[in-house]
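# A structural walkthrough
Chain residues, written in single-letter form:
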2 protein chains.
Amino acid sequence: MLEGLDTQTRLIYEPVKEGLTRVEEKLRQLSADEGTFPHLSELLDYVLQSKGKRVRPAVTLLASQVHPGPSDLPVLMAAAVELLHIATLIHDDTVDNSALRRGKATVSNLWGQNVAVLLGDYVFAASATLVCDTKNVRVIRRFAETIMALSSGELLEYFHSFSWQQTRQDYEERISRKTASLFRTACETGAILSGAPEEHVAALSTYGHNLGMAFQVVDDILDYEGDPLEVGKPVGNDLLQGVVTLPALMLMERYPVENPIRVLFESRGDGLALKRVLEMVHNSTILEECYAQASGYCQQAAAIAARLPEGPYRRSLLEITSYVMSRRR
Amino acid sequence: MLEGLDTQTRLIYEPVKEGLTRVEEKLRQLSADEGTFPHLSELLDYVLQSKGKRVRPAVTLLASQVHPGPSDLPVLMAAAVELLHIATLIHDDTVDNSALRRGKATVSNLWGQNVAVLLGDYVFAASATLVCDTKNVRVIRRFAETIMALSSGELLEYFHSFSWQQTRQDYEERISRKTASLFRTACETGAILSGAPEEHVAALSTYGHNLGMAFQVVDDILDYEGDPLEVGKPVGNDLLQGVVTLPALMLMERYPVENPIRVLFESRGDGLALKRVLEMVHNSTILEECYAQASGYCQQAAAIAARLPEGPYRRSLLEITSYVMSRRR
């Protein structure tokens, strides 16, 4: 599993590399189980082989090491967390009409929107079925609540799109639901299933929330400054889709009278108006301030991790917080 | 709750009418819970007020009466079953590009496909969250497996569409997943949560499966002979969408050499070819034989119900099997 990753990520994942290998086995099992239905099996192979960084299952396994034990339940949970993430990507790519994901054609691109909707449903359900195998009702409920948070976050984003009257609070509520909720659940359930005391469960839950918030803020910054080849999308893509993230919010705060985002949205799709907004952002300290906000979340996460019991997992939880920031170019 | 229903349905639901009223309250609660997010609350009101016959929650409550007790868990389960049904309708209407459902505009028609995908996800998750409140891991797992069955059944239908090389076995596998699975789970979980002995749980599970199979076969027949105003779709709609149901399968069996369904599909969308297939079906005993098959499922369900302990619920479980057949015009 670790072979496809860069050196820094491999070092971070070292304490849980065996667990991650078993997560991959669980994911492969899912497509083998549907062997009598070759179309579905082929679709599952396609989406499960599209390897991301597996950061969510890694934090589940790391969180379970605060109170290390022989239990296999964190592996089940980590596989479920990754499956849930994959399901959301399938539906998000459908909703956004994206052709590519990590340089590979999306399901909706290859098989059409209908297959993507139904396959996403299937993968959602498969993830929930895995969680049920933990037989832990508290964990199962948190998982179901997380799916509600993820989908309501995406709905919020959709309804807020092309609106120039948003606040930072709206943005934070949205990214808390659509991104941080899964990081939080990934950490929290890893802790619960390893039998960690409530104090550590709460700490890891807050750690996960902050890590997820930082992750999304950095993602949103990369949309303003990312190399299109690396991020896989053109710069300014969020604005083109009407999505107002932190840099745009800060720009609106600076120009309350002649709101440049309003000008952009009223000109729908005008390349010059977009170029103007991007220039205004780049000619200001906005992106620095956005990084500072992400860094603030990371510092909160790191401070929590630093108070957890000593162990190799702890160094990894700390290093992930630096890693999130290093996605900066 | 019962006021909108016809006399026959009201009589069938009589033993569980209080439970059904509480199911409605649970559904309304869902939209009230999202009061801080008016867009979502409005969407939920729209889909939850679109009243179907609530047959699935009714069978959950009836099944729970085999072993009647003071527990409120069957009500929770019944609400979850209805929510799951609503979630599948939202996604099915999106996939089928349907403009109307029970005479009312669909979510995808009013708010677009994107909102329909995300709202469906949210309602799926909300149904799972309700099931978690039963705290019964066996029931929760059956529920997650049912979502897998439903979505894989829809995927099977999609991949089998416009194929003239299908068997009755393919059809039965498909409708077992896409329709009967939820009826089965509705009955089975009602029994489990009321603390019924395993023998009755197994009996009600089989009852639900047979009822669901009959329900879908009758639905598929209505597509060949239904009044477009009543069914809400033009006659022959399934064939136009490439969906081969039992009447078409029987027609192919009768004409193995010059397969009329093949002719139809190769002419894609040719009105004359469709008319010819419909005529061939109507000039044969095919629809009678389809009803006989549906009736066979109902008889199996009724035979099981008849062996259950005496009680008002039992008469209702028996009457539902006749009711399913009476949807015939």
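Everything below is about the structure printed above this text.
Right, let's walk through the structure included here. (Residues numbered from 1 in each chain as written. Chains lettered and ligands numbered in written order. Predicted model: local features only at pLDDT ≥ 70, side-chain atom pairs only at ≥ 80, totals over all residues.)

## Here we look at the overall build of chain A
To be explicit about the condition: The helix count covers DSSP runs of H or I at least four residues long, the strand count covers runs of E at least two residues long, and both are numbered beginning at the N terminus. The size measure is the radius of gyration over C-alpha atoms, and the globule rule it meets is 2.2 Å times the number of residues to the 0.38 power. For the exposure call, what matters is how many other C-beta atoms sit within 10 Å of a residue's own: 20 or more marks it buried, 12 or fewer exposed, and in between partly exposed, using C-beta atoms placed from the backbone.
The number of helices and strands found in chain A is 17 helices and 2 strands. Against the 2.2 N^0.38 benchmark of 20 Å for 329 residues, chain A shows a C-alpha radius of gyration of 20 Å, consistent with a compact globule. Its C-alpha atoms put chain A at 60 × 50 × 35 Å along the principal axes. Counting across all 329 residues of chain A, residues that qualify as buried make up 50%.

## Thoughts on the interface of chain B and chain A
Stated precisely, the cut-off is as follows: Here, residue contact means that the backbone-derived C-beta atoms of the two residues sit within 7 Å. Side-chain classes follow a simple rule in which Ala, Val, Leu, Ile, Met, Phe, Trp, Tyr, Cys and Pro form the nonpolar group, Asp, Glu, Lys and Arg form the charged group, and the remainder, Gly included, forms the polar group.
Residue-level contacts link 35 residues of chain B with 35 residues of chain A. Those elements that provide at least two residues to the side of chain B that touches chain A are α3 (38-49), α5 (73-95), α7 (113-132) and α8 (137-160) of chain B. Taken together, the residues of the side of chain B that touches chain A sort by class into 22 nonpolar, 8 polar and 5 charged.

## Points about the relation of the copies chain B and chain A
The following threshold applies: In superposing the copies, a least-squares fit is computed on C-alpha atoms, taking residues whose pLDDT is at least 70 in both.
Superposing chain B onto chain A takes a rotation of 180° plus a shift of 0.0 Å along the axis, which leaves an RMSD of 0.0 Å. Here the symmetry operator amounts to a two-fold rotation axis. A share of 100% of interface residues in chain B that are also interface residues in chain A marks the association as one of identical surfaces.

## Focus: the environment of K104 of chain B
All names here are of chain B. On the secondary structure map, K104 appears in strand β2 (residues 104-105). Given 15 C-beta atoms within a 10 Å radius, K104 is considered partly exposed. A sequence separation of 78 residues divides K104 from L182, and the C-alpha atoms of the two residues are 24 Å apart.

## Considering the environment of E14 of chain B
Tracing the backbone through its elements, the reader meets E14 of chain B in the loop between α1 (7-13) and α2 (17-33). Spatially, the C-alpha atom of E14 of chain B lies 8.7 Å from that of P312 of chain B, the residues being 298 residues apart in sequence.

## Some points on the packing of α8 of chain B against helix α9 (residues 168-193) of chain B
All names here are of chain B. Inclusion rule: Angles run from 0 to 180 degrees between N-to-C directions of axes, and those axes are lines fitted to C-alpha atoms, restricted for helices to the stretch in contact. In these notes the angle categories are as follows: under 35 degrees is roughly parallel, over 145 is roughly antiparallel, 65 to 115 is roughly perpendicular, and the rest is oblique. For a crossing to be left-handed, the near helix must be turned anticlockwise from the far one by less than a right angle; the clockwise case is right-handed.
Orientation of α8 relative to α9, taken along the N-to-C sense of each, is 165°, at an axis distance of 8 Å. When the interaxial angle is binned, α8 and α9 end up roughly antiparallel. Taken as a pair, α8 and α9 cross one another with a handedness that is left-handed.

## Things to note about unusual backbone geometry
All names here are of chain A. One non-glycine residue, N97, lies in the positive phi region at around 60°. Mapped onto the fold, N97 is located in the loop between α5 (73-96) and β1 (100-101). Phi is positive for F162, which is not a glycine, with a value near 55°. What makes F162 partly exposed here is the crowd of 16 C-beta atoms within 10 Å.

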